[in-house]
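# Fold and geometry: a report
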Amino acid sequence: MKKECVLKIENLNKSFGITHANKNICMELHKGEIRGLSGENGCGKSTLLSQIAGIYHSDSGTMYKDGEVYAPKNPIDAGDHKIAIVVQELGLIADLPAGVNAFLGKTGQFTKFGYLSLKKVYQAANAELEKWGLPKMNFRSLAGGMNVENRKMIELVRALSSDPDILILDEVTQSLSHDNRNIVYQLLKKFKEMNRSIILISHDLEETLRITDTISILRDGELLDTVNSREISEDELKRRMVGRNIEGDYYRSDEEEIYEDEVIFSFSEVSTESGLKDVSFDVHKGEILGFCGLSDSGIHDIGQAAYGLMKPEKGKIMLHSDQVEIVSTNVSLNHRMAYVPKDRDGEALMMKTTILRNLCLTSMEQIRGKAGYISASHMKKMAEDAKAEFNIKCTSVLQNMNGLSGGNKQKVNLGRWLLKDLQLLIIDCPTRGVDVGVKSYIYQCMKEAKKKGISMILITDELTEAMGMSDHIIVMKNGGIKKKIARSSHFNEEEMIEVMI
Ligand SMILES: Nc1ncnc2c1ncn2[C@@H]1O[C@H](COP(=O)(O)OP(=O)(O)OP(=O)(O)O)[C@@H](O)[C@H]1O
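Reading the values: the criteria
- Residues numbered from 1 in each chain as written.
- Predicted model: local features only at pLDDT ≥ 70, side-chain atom pairs only at ≥ 80, totals over all residues.
- Heavy atoms only, no water.
- Phe/Tyr/Trp six-rings, centres within 6.5 Å; stacked < 30°, edge-to-face > 60°.
- Helix = DSSP H or I, 4+ residues; strand = E, 2+ residues; numbered from the N terminus.
- Buried < 20%, exposed > 50% of the residue type's maximum accessible area, 1.4 Å probe, protein only.
- Pairing = 2+ DSSP bridges.
- Axes fitted to C-alpha atoms, helices over the stretch in contact; angles between N-to-C directions.
- UniProt positions renumbered as here; feature names shortened; annotations may be inferred.
- Contact = heavy atoms within 4.5 Å.
- Salt bridge = Lys/Arg side-chain N within 4 Å of Asp/Glu carboxyl O.
- Near = heavy atom within 4 Å.
- Polar contact = N/O pair within 3.5 Å; in protein donor to acceptor, adjacent residues only side chain to side chain.
- Nonpolar A, V, L, I, M, F, W, Y, C, P; charged D, E, K, R; others polar.
- Domains from an automatic or database assignment.
- Buried area = accessible area lost by both parts, 1.4 Å probe.

### Structural notes on the packing of aromatic side chains
For any pair of aromatic rings, the description rests on two quantities: the centre-to-centre distance and the angle between the ring planes. Summed over the entire model, instances satisfying the criterion amount to 11 aromatic pairs. When the ring of F281 is compared with that of F291, the centres are 5.1 Å apart and the planes differ by 65 degrees; the resulting orientation is edge-to-face. Taken together, the positions of F281 in strand β14 (residues 279–284) and F291 in strand β15 (residues 288–293) put the pair 10 residues apart, joining distant regions of the chain. What makes F281 buried here is its relative accessible area of 5%. Taking relative accessible area as the criterion, F291 reaches 0% and is therefore assigned buried. Joined through ring pairs, the aromatic side chains of F265, F267, F281 and F291 make up one cluster.

If you want it as structure tokens, here you go:
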């Protein structure tokens, strides 16, 4: 029996200047359905979800919610129609407590005589956690001081607080570690049991196939088809997304840890205020050292400390190849180290300036001419070459960063470092938000960098990525190292999860 239609979309269009992001999209979503959206970076997925959630107005076309014309004026209006979204970019106000962020636009209910009762806000936020089976969160902390994962969870609470019957998740799981991903999967199940619907985007195709009922495939702004998730293979999905076969293995095919004997970098008994406890490890020349762990394990602090963004309270961080102690980011930058943080928009990129400037920022020394002046033509050439090399989908390198799709931002974020002559690359969740084609390209770049003797610290929430690329994996728990596993001992996902938990 066909389920009742909750959302109908007819001929939706949206352009940004000369970019026709969505072309005549027609789609139906049913009650109790979990729908995935798949397609390459920049094909229009987030734009479509933003139109449904009232973030963007459509240029033309009509939407119907429960049979009535639905034209949301803004996300609050969409929430009033019981449609809520967790956006791909982080959308919290940094200087407000997490609890207030969870009810942004709806705090009137906790306000009396002009005063907002924070106590009531926190009570209501905790009630949402209870209602939806979410883990404890610190609603009193300022959102700006929270990491990407915790901020995503707060955004999820905010979406759920409007009691939606359509929940939209734009690349949420890819910001989460193993434990919180499982919580989101439980939430999807609950929604389905309640006969409510979900639309989600995830570039993890295995996950998309596993957790959705149906998948709509978009290419170049057009909706190609909607398929049953049980009736399509991962390879076929990839092929239909990109319009050609994606051949070969993503990951390394060797099964040994291969690197030189020279130790180039180390942590010796490092403890930090953020919670790292007596962490010691060595990185060898040409080694890829992976870090995995649950949300509070400290893996993301490793990257910050390694690059000099976090000063150890105790212990030493050394770049042995140059005999220097890493005491600041200046030292790491001047000694051919690079850091690609997980929080792409907040910590890495300059969103309000051009792609060109973002691409060239890490290579200013190379661009500076003999007299010390920065050559505009040299900058333009470097940016154009990088745009072509990393296949960045934009109208021009002079376009502002914030007009790029998520995956294309990540290409700029990582690509600008790959242009440089490095000795140590620290990458935190490098493939977050990138499509299958770009993922495979990033792994290829990592393999080539390894061959050149570049060492890498790979911090990741994706166990398969860590297993596919690392020589050793360090599993962390509560700020400390629990286990170090060598590639030759054959990484085993279950064993790693057991150690993490
Ligand atoms: N605010 C904006 N200004 C200008 N162009 C934009 C804007 N938002 C999106 N675009 C363009 O619209 C197109 C579709 O972008 P969208 O973010 O919807 O893609 P996507 O499929 O979600 O990609 P990704 O998987 O990388 O997140 C892209 O070419 C993008 O550059």
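Right, picking up where we left off after that structure.
### Digging into the pairing of strand β22 (residues 480–486)
Relative to β22, strand β21 (residues 472–477) runs antiparallel, the two sharing 6 bridges. Bridging from a neighbouring strand, H472 pairs with A486 of β22. Linking β21 back to β22 in an antiparallel pair, the connection comprises 2 residues, with N478 at a positive phi of about 45 degrees.

### With respect to unusual backbone geometry
The residue K82 is not glycine, and still its phi comes out positive at about 65 degrees. The backbone of E171 shows a phi angle near 50 degrees, a positive value even though the residue is not glycine. Mapped onto the elements, E171 comes out in the loop between β9 (166–170) and α6 (178–193).

### Focus on the sheet that holds strand β6 (residues 83–86)
As summarised here, the arrangement of the 6 strands in space is β6-β9-β10-β3-β11-β12, forming an open sheet in which the pairing is mixed. The open sheet has two edge strands with one neighbour each: β6 and β12 (222–228). Strand-to-strand, the axes of this sheet are offset by a mean angle of 20 degrees, without reference to chain direction. One ladder, built from 4 bridges, connects β6 with β9; its direction is parallel. The residue bridging I83 from the neighbouring strand is I166, located in β9.

### Topic: the UniProt feature "domain: ABC transporter" (unreviewed entry) in the protein
Summarizing the sequence annotation, UniProt attributes the feature "domain: ABC transporter" (unreviewed entry) to residues 7–245 and 258–501 in the numbering used throughout. Segment residues 258–501 splits into 36% helix and 23% strand. End C-alpha atoms: 29 Å apart.

### Focus: the environment of N180
Mapped onto the elements of the fold, N180 is located in helix α6. Judged by relative accessible area, which is 6%, N180 ranks as buried. Taking the C-alpha atoms as reference points, N180 and L224, separated by 44 residues in sequence, lie 32 Å from one another. Beyond its immediate stretch of four places on either side in the chain, N180 contacts P135, E149, M153 and S295.

### Notes on helix α9 (residues 299–306)
In terms of residue burial, α9 counts as a mostly covered element, since 7 of its 8 residues are buried. Count one or two residues on from α9 and you reach G308, which has phi positive near 90 degrees.

### Some thoughts on the pattern of salt bridges
For the coordinates displayed, the defined rule picks out 28 salt bridges. Note that R35 is salt-bridged to E33, the shortest N-O span being 2.8 Å. The buried category is assigned to E33, whose relative accessible area is 7%. Members of the salt-bridge network, linked through shared partners, are K82, K131, D163 and R196.

### Observations regarding the site of the ligand
In the region of the ligand, 20 residues are neighbours, and G42, K45, T47, S405 and G407 sit closest. N41 places a polar side-chain atom, nitrogen or oxygen, 3.0 Å from an oxygen atom of the ligand. Contact between the ligand and C43: an oxygen atom at 3.1 Å from a main-chain N or O atom of the residue. Only β2 (19–30), α1 (45–52) and α15 (406–418) provide two or more residues apiece to the shell around the ligand. Sort the elements by how many residues they give to the shell around the ligand and α1 lands first, with 3 residues. Within the shell around the ligand, the residues separate by chemical class into 5 nonpolar, 12 polar and 3 charged. Residues lining the shell around the ligand come from more than one domain, with at least three contributed by each of domain 1 (5–242) and domain 2 (263–500).

### Here we look at the domain arrangement of the protein
With domains assigned, the protein is organised as domain 1 (5–242) and domain 2 (263–500). Relative to domain 2, the C-alpha centre of domain 1 lies at a distance of 28 Å. Contacts between the two partners involve 28 residues from domain 1, matched on the other side by 26 residues from domain 2. Between domain 1 and domain 2, roughly 2100 Å² of surface is buried when both sides are summed, and carbon and sulfur atoms account for 47% of that area. Per-residue buried area on domain 1 facing domain 2 is highest for N41, Q174 and H178; these three make up 27% of the total on that side. Close ionic contact of E462 with R181 constitutes a salt bridge, the shortest N to O distance being 3.2 Å. Our count for the contact surface shared by domain 1 and domain 2 stands at 13 residue pairs in polar contact (both at pLDDT 80 or more). When contributions to the side of domain 1 that touches domain 2 are tallied by element, the ones reaching two or more residues are α5 (148–160), α6 and α8 (234–242). Of the residues assigned to the side of domain 1 that touches domain 2, the class counts are 7 nonpolar, 11 polar and 10 charged.

### Points about the pairing of strand β4 (residues 60–65)
Pairing between strand β1 (residues 5–16) and β4: 5 bridges, direction antiparallel. Considered in β4, the bridge of E10 is made with T62. With 2 bridges joining them, β4 and strand β5 (residues 68–69) adopt antiparallel strand pairing. Across the sheet, Y64 pairs through a bridge with V69, a residue of β5. Taking the residues that link successive antiparallel strands as the turn, the β4-β5 hairpin has 2 residues, and the phi of D66 there is positive, at about 50 degrees.

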